[in-house]
Structure formats: C-alpha cells, structure tokens
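What follows is each chain in one-letter form.
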Amino acid sequence: MFNLSVRKLLTKLFQPLMGIAIVLLMTVGWPATSYAQPNSTIPAEQLAKAVGAIENLDALRSGLASTLEGTTEPPTLDTMKEVCKPVGMQARQLSKENGWQVKQIASKYRNPAHQPDNLHSKMALAKFEQTPELMGFWDREMLDNQSGTRYYRRISVEASCLACHGQKDNRPQFVKDNYSQDLAFDFNVGDLRGMYAVFYSR
Ligand code: HEC
C-alpha cells in the first residue's frame, strides 16, 4: 500500500517534468535521433504529457520485468503474468483519462490486438527497424477514418524480456497455453520489440 502510493506520487511528479524535458530536447535536437515537432494544432503541453506518459509506461514494464531477474527459484505463475498485462491495462487507462488512443504495436505480436492497425504503423515499424538510433517521432495520419497526430516510441528488448520473449521452447507454460498464435519470441537483447503509439484525432 505504502509502496504503491509512493510510486503514484513519484509518477505524478515525474511525468510532466519528463515530458517537458523531452519536448525541449526534441526542439533543440535530441542526440542522435530525428524527433520532429509535429505539424499540428495540438498544444505542446499535450504532446509533452503524452511523451512523459509513454516514458513512464516503458519504465513500468522494465521495472516489472527486472523483478524476475536473478531470482533463484522459478517465478510463480502470478509474477510471470504481472509484466506485460499491466502495461496494456495502463495504456487503456491513459486512453480513457486523456482522450488519446494508446496502443502497443508489433509485427511479431503475442496478443493479436497489438498488430499494426494501418499502413502508417507498418511504415513506422520499418523506420524503427532501419534506424536503430531513432527513439521516437510524430506522424500526421488517418486512423479509423479520423485524421490526427500520432506519436510513436520504440520498444527495445532487454535481457529481462528474454524469460518470456526468448527462444520459442523456453517460453513459460502460461504463454504457450494462452497465446496459440504467438509470434513474440526468438528475440535478442537490443532488438526492436515493437512500439507505443499515441493517437489524437484532430
Ligand atoms: C513474464 C513474461 C513476460 C516478460 C518477462 C516480458 N513479457 Fe512482454 N508480453 C508477455 C505477454 C504474456 C504478453 C501479451 C500480453 C497481452 O495479452 O496483452 C506480452 C506482450 C508484450 C508486448 C505487446 C505486443 C505483443 O506482442 O502483444 C510488448 C511490446 C512486450 N511484451 C514487450 C516486452 C518487453 C520490452 C519486455 C522486457 C522489458 C517484456 N515484454 C517482458 C510476457 C512477458
């Protein structure tokens, strides 16, 4: 309980700061990336908020995954399940709170809800694949017949991810059982795992 509220508080403090820092960096030139300011009518403050929220979302997953590292006993089913599901739940929560559409998208997906949803998202994945130093960018695009702005942010594979996204045969049993169409395995550290996408219709 205590831990949770401390984390919430830190998130509240950290999120806007992170967003503003990143938007500033994007304006002055993020080292080795090609963040471009979107050509849209969305206020910079909203953009900063989205960027910050996605940084937190990514940190949430890394944090949860790292709790599995270095454990001597095999993790229980419950701890195994508590890594990427909460990220999806938090993405839905962010969508609800902000009127955004927050998604995770991957070409090698585990949950079919995370497959590319338009041509732009396929192109975005290809762009991240071809440009390893690219962390994120904005795009003007159509989604479900609405025009808007979309923010894309890379998701990279870390060592802690391999427990569930490593070799096919080494996947946890709950993954083998529940994801019959799974494509999200055989990754290596540093690979592109997928991306976050935040869409505002406007
Ligand atoms: C404990 C097992 C486990 C670990 C560790 C794990 N994942 Fe996942 N991952 C899953 C499961 C299960 C899903 C499908 C969740 C769902 O149904 O939405 C998933 C889904 C994802 C997705 C959404 C796209 C898709 O394929 O459906 C991304 C992106 C992702 N994981 C990235 C990572 C990254 C990056 C790490 C390491 C930091 C990581 N995962 C660690 C089990 C895991």
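No experiment lies behind these values; they were computed from the predicted model shown.

About the thresholds
Residues numbered from 1 in each chain as written. Predicted model: local features only at pLDDT ≥ 70, side-chain atom pairs only at ≥ 80, totals over all residues. Helix = DSSP H or I, 4+ residues; strand = E, 2+ residues; numbered from the N terminus. Buried ≥ 20, exposed ≤ 12 C-beta atoms within 10 Å, placed from the backbone. Contact = placed C-beta atoms within 7 Å. Core = buried A, V, L, I, M, F, W, Y, C linked by C-beta atoms within 7 Å. Near = placed C-beta within 6 Å. Nonpolar A, V, L, I, M, F, W, Y, C, P; charged D, E, K, R; others polar. Pairing = 2+ DSSP bridges. Axes fitted to C-alpha atoms, helices over the stretch in contact; angles between N-to-C directions. Parallel < 35°, antiparallel > 145°, perpendicular 65-115°, else oblique. Left-handed = near helix turned anticlockwise from the far one by under 90°.

A. Inspection of the overall build of the protein chain at higher detail. For the protein chain, the count of helices and strands is seven helices and four strands. Residues counted as buried form 29% of the 202 residues belonging to the protein chain. Considering only intrachain contacts with a sequence separation of at least 6, the fraction spanning at least 24 residues in the protein chain is 67%.

B. The arrangement of the nonpolar core in detail. Within the largest apolar cluster, 27 residues are counted, with the highest numbers of intra-cluster contacts made by Ala50, Ile54, Trp100, Met195, Tyr196, Ala197 and Val198. Secondary structure elements with two or more residues in this core: helix 2 (44-66), helix 4 (85-98), strand 1 (101-105), helix 5 (119-130), strand 2 (136-143), strand 3 (146-156) and strand 4 (192-201).

C. Structural view of the site of the ligand. Around the ligand lies a shell of 28 residues, among which Cys84, Arg110, Asn111, Cys161 and Cys164 are the nearest. Elements supplying a minimum of two residues to the shell around the ligand: helix 2, helix 4, helix 6 (162-165) and strand 4. In terms of residue class, the shell around the ligand is made up of 15 nonpolar, eight polar and five charged.

D. Region of interest: unusual backbone geometry. A positive phi angle is found at Asp144, which is not glycine, with a value near 50°. Along the chain, the position of Asp144 falls in the loop between strand 2 and strand 3. If you check the backbone angles, Asp186 has positive phi at about 65° while not being a glycine. Mapped onto the secondary structure, Asp186 falls in the loop between helix 7 (173-178) and strand 4.

E. Here's a closer look at the environment of Pro132. Its location among the elements puts Pro132 in the loop between helix 5 and strand 2. Each C-alpha atom, one on Pro132 and one on Arg154, is 9.3 Å from the other, the two residues being 22 residues apart in sequence.

F. Highlighting the pairing of strand 2. Pairing geometry for strand 2 and strand 3, over eight bridges, is antiparallel. Within strand 3, the position partnered with Leu143 by the bridge is Gln146. Remark: two residues form the turn of the hairpin made by strand 2 and strand 3, two consecutive strands paired antiparallel; Asp144 in that turn has positive phi of roughly 50°.

G. Molecular detail of the sheet that holds strand 4. Strand order in the open sheet formed by four strands is 1-4-3-2, and the pairing between neighbours is antiparallel. The open sheet has two edge strands with one neighbour each: strand 1 and strand 2. Across the sheet, the axes of successive neighbouring strands diverge by a mean angle of 25°, strand direction being ignored. The sheet strands contacting helix 5 are strand 1, strand 2, strand 3 and strand 4, and the helix crosses strand 4 at an angle near 140°.

H. Expanded view of the packing of helix 2 against helix 4. Interhelical geometry of helix 2 versus helix 4 gives an angle of 160° and a closest axis separation of 10 Å. Relative to helix 4, helix 2 is oriented roughly antiparallel. As for the relative orientation of helix 2 and helix 4, their crossing is right-handed in sense. For the pair formed by helix 2 and helix 4, the contact residues are Ala53, Leu57, Leu60, Arg61 and Leu64 on the first element and Pro86, Val87, Gln90, Ala91 and Leu94 on the second. When grouped by side-chain class, the residues that make up the contact of helix 2 with helix 4 number eight nonpolar, one polar and one charged.

I. Seen up close, the pairing of strand 1. A large share of strand 1 lies buried, amounting to five of its five residues. Bridge count between strand 1 and strand 4: five bridges; the pairing is antiparallel. Bridging from a neighbouring strand, Val102 pairs with Val198 of strand 4.

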